[in-house]
Structure formats: C-alpha cells, structure tokens
Amino acid sequence: MKIKTILLFTFIGMLSGFAQNSRLNNANKKYDKYAYIDAIAVYEKVADKGYKSVNLFEKLGNAYYFNGELDKAEKWYRELFALNQAVDPEYYFRYSQALKSVGKYDEADRMLQTFSQKTNDPIGKELLANPDYIQRLSKDSGRYQVENSGTNSKYSDYGSAFYGEDVVFASARDTGGVFQRKHKWTNQYFTKLYTARIAAEGFLDPAVKFSSSIDTRFHESTPVFTKDGNTMYFTRNNYNDGKKGKSSDRIIKLKIYKASLVNGKWDDIKELPFNNNNYSVAHPALSPDEKTLYFSSDMPGTSGASDIYKVAINSDGTYGKPENLGKKINTTGRESFPFVSLKNELYFASDGHLGIGGLDVFKSKMNADGSFSAPENLGSPVNSPKDDFAYIVDTRAQMGYFSSNREGGMGSDDIYKFRELRCDQILKGTITDKESGLPLLNAKVTLFDSNMKEMGSRMTDSNGHYTFETIDCDKRYYVRAENTDYETKEVNVTIPAKSGETVVDIALEKRVIPIEVGTDLAKVLDIEIIYFDLDKWNIRPDAAVDLQKVIAVMKEHPTMIVDIRSHTDSRQTHQYNERLSDRRAKSTLEYMVKNGIERNRLTAKGYGETRLVNGCSDGVPCSEAEHQKNRRSEFIVIKM
C-alpha cells in the first residue's frame, strides 16, 4: 500500500484560497520528503482555519500514521471519511488500524470488511472466521511476564539483538556532541547503535554507544550477529564511505550492511549485493545455522508496503537470489522486523493479519520442507493497541525483548523485556458406552489441530482411558473417538493458557440406524450442509469434519458404493449453479479418495438447482432458511 497523492483542493474564497494553497504547497514539499513533523504543523494550521479537502486530511492522517501515532491519525482519518468522498481503499485499512488504537474495534472491523470487499483482500475472510478475535487476543494469555527493560530514554529505543551477554539496540537518545542532527520525519536525533549488559532477571544496565566506527550522519539500527561475534549485519540509510545514495525520487532508502570485527574494531563495512537505491532492504535476521538471512523490503514483487524475504548465504560468502516468503506470511499491509529462534520459529511484526492494533507480533513455525505454518498472533501482553515489533527470544532461557510505543512507556518507542511462563498441558479422558456408561477398550482416539491436521492417535486401555502429553497451551484442538459398532464422535476443545490437565470424556452411541441401498448418509450422520466459501469449491476445515464421518462409515463397510450429489439454491443462473455444484461434488470425491476411500467406490455429480426440495425457484420470494434447505450435499448408498 504505497502513499498516493490525490490533488483535490477546495477554495475558500480567492484571497484566502491562494494563501492556503501557498501554505499547502510548502507543506506538500515537506511531506513528499518524509518531513512529517514539519508538514503536520502546516497542515494542522490550515485545517484549524476550516479548510477541508480529501488531500489535506489524507496527508494529515498519513503523517501521523507513518510516525506510529495512530491515535492522532484517527482524528484526521475520521475527518476524511466525514467528507463522504471517494478515497483509495488503503484508507479504509489505515483508518481501521487507527480506530483500534483508540479502542473503537467494532467500527475498525467494519472498515476492514469494506477494505476487503473493495480489494478482495483475504483479511475479510479471516475476520468472518474469527469474529471474537479482539476479545481473545486482548485477554492476557498468561504466557508472558512483560516489564520495562530499564534502559529506555524519552527518545526512540528499539530493535534489539543479542550479542554475548549484552543487548545491542538502536536509540535516538541525545548523548551530546557538537553535531547533532534531527530527522524531520520524527523530529528526533538520528538513531545510533547502543549496547547494554543483561543484568539480573533480564533487566538491562545503562547503555553506552556501541561503536564509533559504525556511526554515520544518518540512521543505524536493527543489528544481528553471528554466533562467534565476529560478523554483524545491520540497517543503515543509503550512506557509506562518506557518500549518500538517493532513489530516482530523491529519497535516501534503507540498506543492509555487513561489518567484521577486526582487532577489536568493527571494520570492512560493505553493503549487501541485493540492496538497491530505489527500494529499501532492512532489518536483517539470521537462521540458527547462519546459512539464511531474513529481511524486510519493499522491492518489486512485494505484496504490500513491505514483505519479509530470505536469501541464502553461500559458503564462499556470496548470496543467492532473495525469495519472498509468500502470501501465508506476507499481506497487503506491513510485514517487518523478522527474527528466527533456535527452534526455527519465525517471529515478525505485521499489521496485515488480524491483530489488536498497529503492528502486532506473530509467530510461524518452519516446517521440514522450509515452508511456514499459518502465523499465530502472540496476543496480550506482548501485543497492544499500538505498535509492537522487533521481538527476539532466547528459547533456552525463555526470555527476550521486544519494542513498543504503547501507553505507559518512557516516550516514543521503548524496549520491553519478557519472560515466557512455562506452560505444560496434558489432554486426557475416558471413552464410554453412552447407554451403559461402561468404558470402551481399544477405542481409537485421534487428535487434530485447528486446521484438521492429524497430530496423533491412541487406543484406549481396559479402563477406556487415553492420554496425549505435551499439548500446546492456549490452542484449539479436535478430538475424535471411533469404535466398531459405535457412531464416530468428534468434539473440539480449547486448551487453557496455563499448566495443568484438560479432561475430555466422550460417550459413544451404538449404531442403531440401518444402512441400506438408497440411504442418504448425510441424514443418517446428521450432516445438514457441507459448507464451501462463496463461489468456491475447496474443502473447508469445518466441512472436513463432516466428511470424515462419511469416510469412517465407508471404511466400516468396505463394499459400500456412494453417489455424491451436490445441490444449490436458485439464486444464480441455472448454468452457473450446475457448474459450481459439479465442481463441489468432484472436490468432495477427491477429498474422500485422498483420505483412504477407493475411487471406484465413489461417483459424483452436481445438480445445481434442478432438484429443489421446496418451491424456492427463480423469482419466488423465500427466506434464507428456505434457500438453505436447497443448498445440500447428499451421499446416497447405491450398493452395499
């Protein structure tokens, strides 16, 4: 989401209009050079005199938004939307983030939905699937103890990295000197690297400057060090050897540099080969084996304002080609400040996934094939309605640091320390006969995660007991119980965010309903509808739950042949409904084949709106409930 300028000026009389335009032209020049503090001063004077325009309120809101002052941005985005004029869709997104910062979550969600509708952004589907996300994420998870790190100043302090027994971070604090230059974006001094010793309980001792050989006239920030302490990657403005570089639009972008420790001094400073004058490359992070460098960039191919990339570090010191981490991680928003733990967990900041407000910290586990799992919001108290980012953790000590401009800090961005509170959970229970209450021996109990990925299975003992150990806290799971001659049953459970045991007992009913040729298994198994997303035919996790019931019955009757029939209501054209239902039927067949049912035991066809069960045909007014009766899936037994 790039900043766009819309030249829409409203004149308040000729003399006053010329005077205001002169001021605005001056402010626009400052704004275009990212001199937001100076631009804000002029814009607000003009606005206070009653001047209103889309362009003015967009830039006032943006100036605060990109300075991380979302609560102040909310005022001007509110004025922008009060004009009831057309704006770019990105302003719905920014306004939603600003609304969250002042606790207006319902309004923020409406803005997010509108943004999603205008852009087809997947965050709208996330919102529909998680309507209670704010309550869930804002509730203290009990997994973290968060405190001020003790080394913060009234200026911006952020972006820490472990360096032996120290933490190195960026700070805009004023430590004296003849030449002190302020950055017009924030009206703070340019950031330098500082170092602080890690003291008892993770608090940081008073900080001192890290290295004079690294300092320049511009920003240095977000370092990362190799394990031997002899190599550092860090972010700096496009400036090296006394020379500054600018993009084609005359902006000094960010680049990643590499430095080596030579005779106790950081030297041999070189920029990485995939930097570019026309886009930013920033915030480096190393994989545990130090063979991969992660970073944030807005290079061509980026999904939003910034994405997270990775690049191979070759054994000869060269680098591979940067690779975007893909849409599971990156969004149309901002993804930045990556960090990879010793457990190969990727932590990063984002405002493009569902969060509490501003930038939130997310975690994604790296799979064996190098792909990443769906990001998980760390929730409160790590995340807040403001910007939370630059999370680093020592998994061995279960402690770390992150940066935030939340309320109650020393000023601007601050560094907070956290300790992970150990959480051990055991999931156990008893499987019984519902009628007699007696335990069932050798009942199969299978555990699935929230995406219906199988996590493991157990057979019950003579007392009907089962146990799953070392279950993740504060997660949702599905527990499925199966036994011969009993109906398969599945329940969902949310594991508490504190250590202990979670008990899930399941009572199974004996199968009493006869299955014969012509039986619709959907009715036998009480499956009302196999849900698909609008205009889609991929199997959703909630649909998979019901399909597994059909699969279980077919596995118990190995000669059974089933005809899958998919139906729609009449609200679309006849041809469209027939194609869509046919795709859904065939998608259902493929899912069942993938899950162990032989292809020759299944047939599938979509009937569209040709077999309505009521009178809700074209042009007939019907309720939503009446239409839903026609949106059904049937599993007809055609041979036993």
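The rules we used
- Residues numbered from 1 in each chain as written.
- Predicted model: local features only at pLDDT ≥ 70, side-chain atom pairs only at ≥ 80, totals over all residues.
- Heavy atoms only, no water.
- Disulfide = S-S within 2.5 Å.
- Buried < 20%, exposed > 50% of the residue type's maximum accessible area, 1.4 Å probe, protein only.
- Helix = DSSP H or I, 4+ residues; strand = E, 2+ residues; numbered from the N terminus.
- Pairing = 2+ DSSP bridges.
- Core = buried A, V, L, I, M, F, W, Y, C linked by side-chain atoms within 4.5 Å.
- Axes fitted to C-alpha atoms, helices over the stretch in contact; angles between N-to-C directions.
- Salt bridge = Lys/Arg side-chain N within 4 Å of Asp/Glu carboxyl O.

A. Broad picture of the state of the cysteines. In this structure the tally under the stated criterion is one disulfide. Here C616 pairs with C622 through a disulfide, and the sulfurs are 2.1 Å apart. Its S-S torsion of approximately -105° makes the covalent link between C616 and C622 left-handed. Residue classification places C616 among the buried residues on the basis of a relative accessible area of 2%.

B. Broad picture of the pairing of strand β8 (residues 220–225). With six of six residues buried, β8 is to be regarded as a mostly interior element. Sheet topology places β8 next to strand β9 (residues 231–237); four bridges connect them, and they run antiparallel. Among the inter-strand pairings, F225 is bridged to a residue of β9, identified as M232. Turn length for the β8-β9 hairpin, with the two strands adjacent in sequence and antiparallel, is five residues, and the turn residue G229 shows positive phi of about 75°.

C. Examining the nonpolar core more closely. Core analysis: the largest hydrophobic core is formed by 35 residues, its most contacted members being L56, Y77, L80 and F81. Broken down by secondary-structure element, the contributors of at least two residues to this core are α2 (36–48), α3 (54–65), α4 (70–82), α5 (90–101), α6 (105–119), α7 (123–129) and α8 (133–138). Counting residues in hydrophobic clusters, the runner-up holds 24 residues, among them A544, L547, Y591 and L602.

D. Quick look at the sheet that holds β8. The strand order β8-β9-β12-β13 describes an open sheet built from four strands, whose pairing is antiparallel. Of all the strands in the sheet, just β8 and β13 (265–271) have a single pairing partner and so form its edges. Geometrically, the sheet is characterised by an average inter-axis angle of 30° between neighbouring strands, direction not taken into account. As defined by bridge partners, strand β12 (residues 254–262) adjoins β13 across five bridges and the pair is classed as antiparallel. Considered in β13, the bridge of L261 is made with W266.

E. Here's a closer look at the sheet that holds strand β20 (residues 360–365). Pairing within the open sheet is antiparallel, and its four strands lie in the order β18-β19-β20-β21. Where the open sheet ends on each side, the last strands, each with one partner, are β18 (335–340) and β21 (376–377). Across six bridges, strand β19 (residues 345–350) lies against β20 in antiparallel orientation. Residue pairing in the sheet places L346 in a bridge with S364 of β20.

F. Looking closely at the pattern of salt bridges. Taken as a whole, this structure holds 31 salt bridges when the rule is applied. In this structure, R143 and D474 form a salt bridge, with 3.8 Å as the shortest nitrogen-oxygen distance. On the criterion of sequence distance, the pair formed by R143 in the loop between α8 and β1 (144–148) and D474 in the loop between β28 (465–471) and β29 (476–482) is long-range, its members being 331 residues apart. The class for R143 is buried, based on a relative accessible area of 13%. Under the relative-accessibility criterion, D474 is labelled partly exposed at 32%. Among the charged side chains, a salt-bridge network with shared partners connects R143, K365, E376, D472, D474 and K475.

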